[in-house]
Amino acid sequence: NAGVTQTPKFQVLKTGQSMTLQCAQDMNHNSMYWYRQDPGMGLRLIYYSASEGTTDKGEVPNGYNVSRLNKREFSLRLESAAPSQTSVYFCASSYPGTDTQYFGPGTRLTVL
Amino acid sequence: GQQLNQSPQSMFIQEGEDVSMNCTSSSIFNTWLWYKQDPGEGPVLLIALYKAGELTSNGRLTAQFGITRKDSFLNISASIPSDVGIYFCAGQRFNAGNNRKLIWGLGTSLAVNP
């Protein structure tokens, strides 16, 4: 099992560019999450998907969109990147009915 | 958004010392989780707690679910250099229903001097 995988590992964008961060899990988890991590701010939830076909906003959803493509994959899209979106992005997933989340290795994004 | 009060914010200790950190909340929690994040990596689950008063160990790590259900602590005994990293607490509030979002602390950054 690869667990939770994320691509790319690093990305540099110019202001206004768009990109999609990919996440996949092979643990047959129902729920998937996208977080951003900034120094001193801990982990902040952007969007989550409780199950295939559903998505909900988290704490900081502005400037982002998500797609739960199927049970395995949950992507995060930045339509028009801004410097404030420079951050480390983590995808996570959890077993049905449990709170334990398993994280991917992260994508380090810089917006110039 | 709501966050847990995690302390201390950072610690710098000598190898071999014991470490203690805790999280508190004004709300009752059903679940407490402790994660460790190594530099450049994603958080990894260390210990999960599901019952008030529960005391669980994982090697040199011990965590407890507070009896009031509003706090939890993590102890590390005989620290070693590879304990360096950021430790996060996270919890699931009582009566969260189908909402599986976790509430997170801001982390405790641990540095160990060999």
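Structure's up top.
Here's a quick rundown of the structure. (Residues numbered from 1 in each chain as written. Chains lettered and ligands numbered in written order. Predicted model: local features only at pLDDT ≥ 70, side-chain atom pairs only at ≥ 80, totals over all residues. Heavy atoms only, no water.)

Notes on the nonpolar core
With 22 residues, the main nonpolar core has Trp34, Leu74 and Leu110 of chain B as its most contacted residues. Only strand E2 (10-14), strand E3 (19-24), strand E4 (29-37), strand E5 (44-49), strand E7 (61-65), strand E8 (71-76), strand E9 (85-93) and strand E11 (108-113) of chain B provide two or more residues apiece to this core. Among the nonpolar cores identified, the runner-up in size contains 21 residues, and Leu21, Ala81, Tyr89 and Val111 of chain A belong to it. (Core = buried A, V, L, I, M, F, W, Y, C linked by side-chain atoms within 4.5 Å. Buried < 20%, exposed > 50% of the residue type's maximum accessible area, 1.4 Å probe, protein only. Helix = DSSP H or I, 4+ residues; strand = E, 2+ residues; numbered from the N terminus.)

Quick notes on the state of the cysteines
Evaluated as defined, the whole model comprises two disulfides over all chains. The side chain of Cys23 of chain A participates in a disulfide bridge whose partner is Cys91 of chain A; the two sulfur atoms lie 1.9 Å from each other. Residues Cys23 of chain A and Cys91 of chain A are joined through a disulfide that is left-handed, its torsion about the S-S bond being -70 degrees. In this pair, Cys23 of chain A sits in strand E3 (residues 19-25) while Cys91 of chain A sits in strand E9 (residues 87-94), placing the two residues 68 residues apart along the sequence. Through a disulfide, Cys23 of chain B is tied to Cys89 of chain B; the S-S separation comes to 1.6 Å. Because the torsion about its S-S bond is -75 degrees, the bridge between Cys23 of chain B and Cys89 of chain B counts as left-handed. Here Cys89 of chain B lies in strand E9 and Cys23 of chain B lies in strand E3, a separation of 66 residues in the sequence. (Disulfide = S-S within 2.5 Å.)

Thoughts on the pairing of E8 of chain B
Residues and elements named next belong to chain B. Every second residue of E8 is oriented toward a common face, the buried set being Ser72, Leu74 and Ile76 and the non-buried set Asp71, Phe73 and Asn75. In this structure, E3 lies alongside E8, joined through six bridges in antiparallel fashion. Paired with Thr24 across the two strands is Asp71, which belongs to E8. Judged from the five bridges that link them, E7 and E8 form a sheet pairing that is antiparallel. Among the inter-strand pairings, Gln64 is bridged to a residue of E8, identified as Phe73. If you look at the hairpin formed by E7 and E8, you'll find five residues sitting between the two strands, and Arg69 has a positive phi there, around 70 degrees. (Pairing = 2+ DSSP bridges.)

As for the packing of aromatic side chains
The final tally for this structure, using the stated rule, is 12 aromatic pairs over all chains. Summarising the aromatic geometry, the rings of Tyr33 of chain A and Tyr48 of chain A are spaced 6.3 Å apart at their centres and angled 15 degrees between planes, so their arrangement reads as stacked. A residue pair is termed long-range when its members are at least 10 positions apart, and Tyr33 of chain A in strand E4 (residues 31-38) and Tyr48 of chain A in strand E5 (residues 42-49) qualify at 15 residues. The class for Tyr33 of chain A is buried, based on a relative accessible area of 1%. Where Phe103 of chain A meets Trp104 of chain B, the ring centres are 5.7 Å apart and the plane angle is 80 degrees; that geometry is what we call edge-to-face. Note that Phe103 of chain A is positioned in strand E10 (residues 101-103) and Trp104 of chain B in strand E10 (residues 103-104), a pairing that runs across two chains. (Phe/Tyr/Trp six-rings, centres within 6.5 Å; stacked < 30°, edge-to-face > 60°.)

A word on the interface of chain B and chain A
In many analyses, interface size is given as the accessible surface area lost on bringing the parts together. Tallying the contact residues gives 21 residues for chain B and 21 residues for chain A. Buried surface at the junction of chain B and chain A, summed over both partners, amounts to about 1,700 Å²; 52% is from carbon and sulfur atoms. Scanning the region where chain B abuts chain A turns up zero salt bridges. Summed over the shared surface of chain B and chain A, the result is five residue pairs in polar contact (both at pLDDT 80 or more). Of all the secondary structure elements, the ones that give two or more residues to the side of chain B that touches chain A are E4, E5 and E9 of chain B. (Contact = heavy atoms within 4.5 Å. Buried area = accessible area lost by both parts, 1.4 Å probe. Salt bridge = Lys/Arg side-chain N within 4 Å of Asp/Glu carboxyl O. Polar contact = N/O pair within 3.5 Å; in protein donor to acceptor, adjacent residues only side chain to side chain.)

Structural notes on the sheet that holds E8 of chain B
All names here are of chain B. Spatial ordering of the open sheet is given by E1-E3-E8-E7-E6, a layout of five strands whose pairing is antiparallel. Strands at the two margins of the open sheet, each flanked by one partner only, are strand E1 (5-7) and strand E6 (55-58). Each adjacent strand pair in this sheet contributes to an overall mean axis angle of 15 degrees, direction not counted. (Axes fitted to C-alpha atoms, helices over the stretch in contact; angles between N-to-C directions.)

Notes on the environment of Lys101 of chain B
Topologically, Lys101 of chain B is positioned in the loop between E9 and E10. When its relative accessible area of 25% is taken as the criterion, Lys101 of chain B is described as partly exposed. Here the alpha-carbon distance between Lys101 of chain B and Ala90 of chain B, two residues 11 residues apart in the chain, equals 9.9 Å. If near-sequence neighbours (up to four positions away) are discounted, Lys101 of chain B is found in contact with Leu45, Tyr48 and Lys57 of chain A together with Gly91 and Gln92 of chain B.

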